[in-house]
Every structure is written in C-alpha cells, then in structure tokens.
Amino acid sequence: MDRPHILLVEDEIHLARGICFNLEEEGCRVSHVESGEAALDRLQYDRFALIVLDVMLPGMNGFEVCRKVRESDHRVPVLMLTARSEEEDRVQGLSSGADDYLVKPFSLSEFLLRVKGMLRRSSWYLPEPVEEGYRFGDNEVFLLSYRAKTAQGEIDLTELEVRMLTLLFQREGEAVSRGELLERVWGYSTDVETRTLDNFIVRFRKYFESDPGAPVYFQTVRGVGYRFCRKN
Ligand code: CA
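Worth saying up front: this structure is predicted, and the values here are computed from it rather than measured. (Residues numbered from 1 in each chain as written. Predicted model: local features only at pLDDT ≥ 70, side-chain atom pairs only at ≥ 80, totals over all residues. Heavy atoms only, no water.)

Student: How would you sum up the pattern of salt bridges? Please name residues and give values.
Tutor: Summed over the entire model, instances satisfying the criterion amount to 18 salt bridges. Salt-bridge contacts for E10 lead to K104; the nearest nitrogen and oxygen are separated by 3.0 Å. Here K104 lies in the loop between β5 (100–103) and α5 (108–124) and E10 lies in the loop between β1 (5–9) and α1 (13–25), a separation of 94 residues in the sequence. Residues E10 and K104 agree in their burial class; the two are buried. (Salt bridge = Lys/Arg side-chain N within 4 Å of Asp/Glu carboxyl O. Helix = DSSP H or I, 4+ residues; strand = E, 2+ residues; numbered from the N terminus. Buried < 20%, exposed > 50% of the residue type's maximum accessible area, 1.4 Å probe, protein only.)

Next comes the structure, spelled out in structure tokens:
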C-alpha cells in the first residue's frame, strides 16, 4: 500500500515500457499516460508521489502541463525529460515549475538514482499520511480504513469487499476474469462454481451506482468477468 505511486507522461512507448518496468522493479507503482491532457485528467482523481514528464508530447507540451499542474499542486515533485540540452529549455523547464530534469538519452541507472533522490526528499516534508480516497462519480473509497462515502452516505466495507475493490481498482479499465477474482479475493481454485462473486458485484452496484440496473463503474464483461471503469 505504501509503494510510491508515480505518474509517467511519455509518448514514446518503447522508452515508457523500459521506465515502467524498472520503476516497478524498484518497488514503485507506475501509471503511464501518453499525453499531457491524459495526465491532467488523471491528476484530478489521483495523488502521486512523483510525476515524470516528457517535454515533447503530442498536443500540450511538458512545460504547459507542468504549469497547469502547479496551478493546483505546488508540492508534487516533477522530473522533466527533455530531448534537448539547450540552456533555454532547462530554464524554461525549471521556471514552469519542474523540480529537476534529465536530458535524453539518459541511462536507466541515472534515471533511477534521480527518481529515488526526489522521492526521498519529498518524503521529508510530507505530512502525516492522510488517506487519499479513491474517487469515482459521487463516491470516495478509503481502502485502508474500510470506509466509503457514497451518494447515499457513509458505509463500512468488509475485508472481502476491500480485497475485491483493491483488485478491481488496480486493474482499472481491464476485464478481470471470474477465475482470477475468485482466486485472489477468496482463494478459491478457479473451477469452483459460485454466485458469491456476482452477489458482491450486485452489492457494489447498490453502493456506488446511481442506477444499479445500468452500471457505469462495475461493468459485466460477458463470458469473462467484470471490469471497473472510473469514467467512460
Ligand atoms: Ca516525446
């Protein structure tokens, strides 16, 4: 739960894959988006320990993204990746609110050192952890304290509900098979036939959907299992 969550904004898929892989090896959790617009969208819902931001992006460039980020968050560390080494770019990067920058091409070990340093520095001045809720629609779910705020008021969650929500949130946007849910949440072997899972989904829809009969967040994937989507 306390793995630092990093937002990577990088449109070069090859490089992004390498970065994701290495950060995850180092114990970080990484969310990857390919544009500044997508990054700003994510930032409305999630808090990150660090943003790794490429300058040359399709659409809005990294400088603009950084300025936007700083309008609402002065503290999240931003590491900028710039393809150019001109002095002007560095100055522009730092003046748009980045905390540090790396010039491409860089070695992954140099990158990882930089990231670790930034995470360490930022953790010095982080306040006592206040649990950040996981938000979607009118809901906010607090997985650590087993609570949720919904349109109908505050509710308590059970251990199994939290386990199932954790898995669905981690895999947001992906179909998670019944077999995997049963195995990872209940510890059943995958050949167990059960309605338990479906009952949980019914319950989630009652808690969190404005129309449980036409679910937006907890979707059924026919013949596979379920998918959690925060937005559609
Ligand atoms: Ca780029």
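Student: A description of the coordination of the calcium ion should follow, citing residues and the corresponding values.
Tutor: Distances from the calcium ion to its protein donors, namely D11 (OD), E12 (OE), D54 (OD) and M56 (O), fall within the range 2.1 to 3.1 Å. One chain supplies every donor for the calcium ion, spaced along it as D-E-x41-D-x1-M. Linking D11 in the loop between β1 and α1 with M56 in the loop between β3 (50–54) and α3 (62–72), this pair joins segments that are 45 residues apart in sequence. By relative accessible area, M56 is classed as partly exposed at 46%. (Donors = N, O, S within 2.8 Å, 3.2 Å for Na, K, Ca; no water.)

Student: Outline the sheet that holds strand β6 (residues 134–136), supporting the account with residue identities and numerical values.
Tutor: What holds strands together in a sheet is hydrogen bonding between their backbones, with the strands either parallel or antiparallel. Overall, antiparallel pairing links the 4 strands, which are arranged β6-β7-β8-β9 in an open sheet. A single partner strand is all that each edge strand has here, and the edge strands are β6 and β9 (153–156). On average, each strand axis in the sheet is tilted by 15° relative to the strand beside it, whichever way the strands run. Sheet analysis places strand β7 (residues 139–142) next to strand β8 (residues 147–150), joined by 3 bridges and oriented antiparallel. Bridging across to β8, E140 finds its partner in K149. (Pairing = 2+ DSSP bridges. Axes fitted to C-alpha atoms, helices over the stretch in contact; angles between N-to-C directions.)

Student: Can you tell me about the nonpolar core, naming the residues and giving the values?
Tutor: Core analysis: the biggest nonpolar cluster contains 28 residues, and V141, M164, F204 and F208 have the highest contact counts within it. When residues of this core are traced back to their parent elements, those giving at least two are β6, α6 (159–170), α7 (178–186), α8 (196–208) and β12 (225–228). Setting aside residues no more than four positions away along its own chain, M164 makes contact with L181, V185, W186, L197, F200, I201 and F204. Within the second largest apolar cluster, 19 residues are counted, among which are I6, I19, L50 and F106. (Core = buried A, V, L, I, M, F, W, Y, C linked by side-chain atoms within 4.5 Å. Contact = heavy atoms within 4.5 Å.)

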